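# A closer look at the structure
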Amino acid sequence: MEEVFYYDFENFRLDVVNEQLLKDNESIPLTHKAFRTLLILVQNNGHLVKKEDIINKIWHDSFVEDANLTQHIYVLRKTLGNNKSGKPFIETVPKRGYLFTVQVQKIEKEIKDFVTPDLISHSFLQDDAVLNEDLLFIKTDIHTTKDSILHQTNPNQQEFISNSGKFNLFWLALILGTLAIFGLFLFKTRLNIVVSDTSLNSMAVLPFKQIGEESTNEKLGFGMADAVIMRLSKLQKISVRPTSAVFRLTDKNFDPIAAGKELNVDSVLEGTVQRDGEMVRVSVRLLKVNDGSTLWSDTFDEKFTRIFALQDSISTRVAKAMYLNLSAKQEEQLTAKTTSNPEAFQAYQLGIYFWNKRAKEDLEKAAQYFQKAVEIDENYALAYAMLADSYNMLYYYGFAENSKETIDKAEAAAKKALELNDNLAESHIANSYVQIAKYKDLESSLHSLERAIQLAPNNPTARIRYGWQLLRIGDLEKTLEQMQIAQANDPLSSVSNSALCSILLLKKDYGDALKYSEKAVELQPNAPMIKVQLASVYYLNGRTNEAISILQEESQRPFSKLDALAGLAFIYAKNGRTKEATQIYEQLKKEKDSNRISDLSLIAFTLGKKAEALEFFKLMMTKMKRIPLSILSDPYWEEVFKDEEFKKLIPK
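Residues numbered from 1 in each chain as written. Predicted model: local features only at pLDDT ≥ 70, side-chain atom pairs only at ≥ 80, totals over all residues. Heavy atoms only, no water.

With that out of the way, let us pick up the overall build of the protein. Each helix and strand counted, the protein has 31 helices and 14 strands in total. Buried residues in the protein amount to 50% of all 652 residues. Counted over contacts in the protein with a minimum sequence separation of 6, partners at least 24 positions apart contribute 62%. Only carbon and sulfur atoms are counted for the fraction: they give 49% of the accessible area of the protein, which is about 31700 Å². (Helix = DSSP H or I, 4+ residues; strand = E, 2+ residues; numbered from the N terminus. Buried < 20%, exposed > 50% of the residue type's maximum accessible area, 1.4 Å probe, protein only. Contact = heavy atoms within 4.5 Å. Areas by Shrake-Rupley, 256 points an atom, 1.4 Å probe, with all protein chains shown as cover.)

Okay, structure coming up:
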């Protein structure tokens, strides 16, 4: 007899034994660590639970950042929704921790004839895989033991067993059951040691190193890594770094352990891939980052026409090697195909390669390859989604020669992607940008991004774009939270580091902003606007001369020229270089660019031309309707909003 506890709150039940969350008796899927986080909060309802206490309880054997916990809290909030009072079940206490806000009822239930109570008392503390691996062992062990007994007995003994009827079968079953239970505890002790050594929370699939010229030309190693990442990410059983996080390692010699440490993961999958005519050979190793030990390795040979079977084999073996306990649905997800055509898939992989590079010519190439993929396979939803986002990025960065035509193409491709498969995060991400860029429909854009995050919680693109939309509605804290999650999942992305830097500037955290801005430039020095941002960060950290030097250089680049000039004019005006600032101010006025109105208002105010500044500000207000938080919290505008005449123009 053993007491088992349930926790009931409103129309939810938390089942500790089966590790389930139920709403109105319907099971709601949660990852293992999300469940454990919720359990800790529920058990301490009404009391503050410190962040570090949760992290120490759940991630006690590995180093993690706050963003890992923040991500689970975010998922739980979305899953639970609001309580009957219309407030979140989980309240954030800034810089301290979390509070579960509703009353919880603890329910005790007696379970009789349960022969292994120790498994219940420890099931919450172990990884998902432990219990199921034990049960798998027992099933195999019982089957083998029974067969061996029957085969080892002589004919007379077999006849005795056969003629003894139910009575002897009962005793045989009891003996076998007792031996199995005894074996379970012995094996569990041994297995726990193994699992604790390979119980991993995060991994990175590194670009496979390519052997042979043909493989290099096809970017086959990058494509193979992307395919495995895509499959493992769908499971949501372990945090898998996205393709963008490992992209910069493509075509480079890298040390896998050093890369794993830089990506802040527990394990890395590295491999080599070689194509020889119609045959492909892939060798892979799963390594533990903290000590460099090999957890698993294998070699696969397959025809190139069976490339999908090869990817399935690798992904399945990795999942087993990491003790990922998969449901039938997750096993199906692991081997689900986005296309069955190798040529379409190859074109898609090349599209992904160039999409990650972000330069104008690369985004144009990405669109061409994605277009080729959908021409080969007209039902390739993922390729349509990425085709749409390639057009989105060309529009966003100002690379498109015809903006209207480009965003129309993006809309058509996004619509087709959703028609083919609305369960792809990428389809909703692409559609969300069209909704905001073409239709200014913020509510629909937010909804699309929330759906994308539900489908792919670790997708950094979804998080970043959701963060920008949250900033539009004035929620700076939630915006920061999204950017932190994105950066934690994609620490080697220039985009994620730059996005987090932008929000830290609005929070006036200039020291941390500098760290992420310099990282962004280091990762992708030629990315659009990346150095203009660094110049702003330098200026706000008191490094004025360095800021000026960068802006002078960036003013010579076509796609950063006007922003760099605006930055120079402001800094010159602040530092008494009035003549130079005025020259740039007059130059910007001649541009007649509606995107420069806010810059002109700020520069005019800084130059002491208050009347002109007010006129530009009023014009800005007619176009914006309201002042966005990105301006209200911008440290450059701080003095402007202290002026009484400007204050009067700000909507309440």
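More follows now that the structure is in view.
With that out of the way, let us pick up the confidence of the model for the protein. With 82% of its residues at a pLDDT of 70 or more, the protein shows a mean pLDDT of 81. Predicted confidence is poor over residues 110-176, with pLDDT under 50, and the contacts of this stretch with residues over four places away or in other chains come to 62 contacts. Ignoring residues within four places in sequence, the model shows residues 178-198, a span with pLDDT below 50, making 31 contacts including any to other chains. (pLDDT = per-residue confidence, 0-100.)

As a further point, take the packing of aromatic side chains. Overall, the coordinates contain 26 aromatic pairs when judged by the stated rule. Seen from their ring centres, Y539 and Y636 are 5.8 Å apart, and the 75° between their planes marks the pair as edge-to-face. Here Y539 is found in helix α24 (residues 530-540), whereas its partner Y636 is found in the loop between α30 (629-632) and α31 (644-649), with 97 residues between them in sequence. Accessibility assignment for this pair places Y539 and Y636 in one class, buried. (Phe/Tyr/Trp six-rings, centres within 6.5 Å; stacked < 30°, edge-to-face > 60°.)

Take the pattern of salt bridges next. This structure, assessed with the given rule, holds 30 salt bridges. Here D298 ties to R317 by a salt bridge, and the two come within 2.6 Å at their closest N and O atoms. Residue D298 is found in strand β14 (residues 294-303), and its partner R317 is found in helix α12 (residues 307-321); the two are separated by 19 residues along the sequence. Residue classification places D298 among the partly exposed residues on the basis of a relative accessible area of 25%. A relative accessible area of 33% means that R317 is categorised as partly exposed. (Salt bridge = Lys/Arg side-chain N within 4 Å of Asp/Glu carboxyl O.)

All right, on to the nonpolar core then. F208, L269, I314 and Y348 are the most contacted members of the largest nonpolar core, which totals 86 residues. Among the elements that line this core, the one with the most residues is helix α16 (residues 381-396), at 11 residues. Ignoring anything within four residues of it in the chain, the contact list for Y348 reads D226, M230, F370, A373, Y380, L382, A383 and M386. Of all hydrophobic cores here, the second largest spans 66 residues; its members include V532, Y539, L565 and Y636. (Core = buried A, V, L, I, M, F, W, Y, C linked by side-chain atoms within 4.5 Å.)

Here we come to the pairing of strand β2 (residues 12-15). The pairing of β2 with strand β3 (residues 20-23) spans four bridges and is antiparallel. Its bridge partner being in β3, R13 is matched across the sheet by L22. From the end of β2 to the start of β3, which pair antiparallel, there are four residues, and E19 there has a positive phi angle of about 50°. (Pairing = 2+ DSSP bridges.)

This brings us to the packing of α16 against helix α18 (residues 425-437). Packing of α16 against α18 leaves a shortest axis separation of 8 Å and a crossing angle of 35°. Helix-helix and strand crossings are classified by hand; for α16 and α18 the assignment is left-handed. Along the contact surface, α16 presents L382, A385, M386, A388, D389, N392, Y395 and Y396, while α18 presents E426, S427, I429, A430, Y433, V434 and A437. Looking at the contact of α16 with α18 residue by residue, the classes come out as 11 nonpolar, two polar and two charged. (Axes fitted to C-alpha atoms, helices over the stretch in contact; angles between N-to-C directions. Left-handed = near helix turned anticlockwise from the far one by under 90°. Nonpolar A, V, L, I, M, F, W, Y, C, P; charged D, E, K, R; others polar.)

Turning to the sheet that holds strand β6 (residues 90-93), a few remarks are in order. Taken in spatial order, the three strands of this open sheet run β5-β7-β6, and their pairing is antiparallel. The open sheet terminates on both sides in strands that have one partner only, identified here as β5 (48-50) and β6. Taking each pair of neighbouring strands and ignoring which way they run, the sheet shows an average axis angle of 30°. Lying on the sheet, helix α1 (residues 32-43) is in contact with β5, β6 and β7 (97-100); it crosses β7 at an angle near 65°. Packed onto the sheet, helix α2 (residues 51-58) meets β5 and β7 and runs at close to 60° relative to β5.

So, about helix α14 (residues 342-355). Under the 1.5 Å per step criterion, the end-to-end length of α14 is 20 Å for 14 residues, consistent within 8% with the ideal 20 Å. Among the 14 residues in α14, 12 count as buried, and that is most of the element. Burial in α14 covers these residues: P342, A344, F345, A347, Y348, Q349, L350, G351, I352, Y353, F354 and W355. Here α14 starts with a cap whose side-chain oxygen sits 2.9 Å from the backbone nitrogen of E343, and that cap is N341. (Expected span 1.5 Å × (residues − 1). Polar contact = N/O pair within 3.5 Å; in protein donor to acceptor, adjacent residues only side chain to side chain.)

Looking now at the environment of K508. Among the secondary structure elements, K508 is positioned in the loop between α22 (494-506) and α23 (510-523). Under the relative-accessibility criterion, K508 is labelled partly exposed at 35%. Here the alpha-carbon distance between K508 and S633, two residues 125 residues apart in the chain, equals 8.6 Å. Once residues within four sequence positions are removed from consideration, K508 is found in contact with S633, P635 and E638.

Turning our eyes to something else, we now look at the side chain of S598. If you trace the backbone, S598 turns up in helix α28 (residues 597-606). When residues no more than four places from it in sequence are discounted, the contact partners of S598 are M620, I631 and W637.

For the rest of this paragraph, the subject is unusual backbone geometry. You will see that N264, though not glycine, has its phi angle at about 60°, which is positive. Overall, the relative accessible area of 24% leaves N264 in the partly exposed class. Of note, K440 is a non-glycine position whose phi angle comes to about 55°, a positive value. Tracing the backbone shows K440 in the loop between α18 and α19 (442-455).

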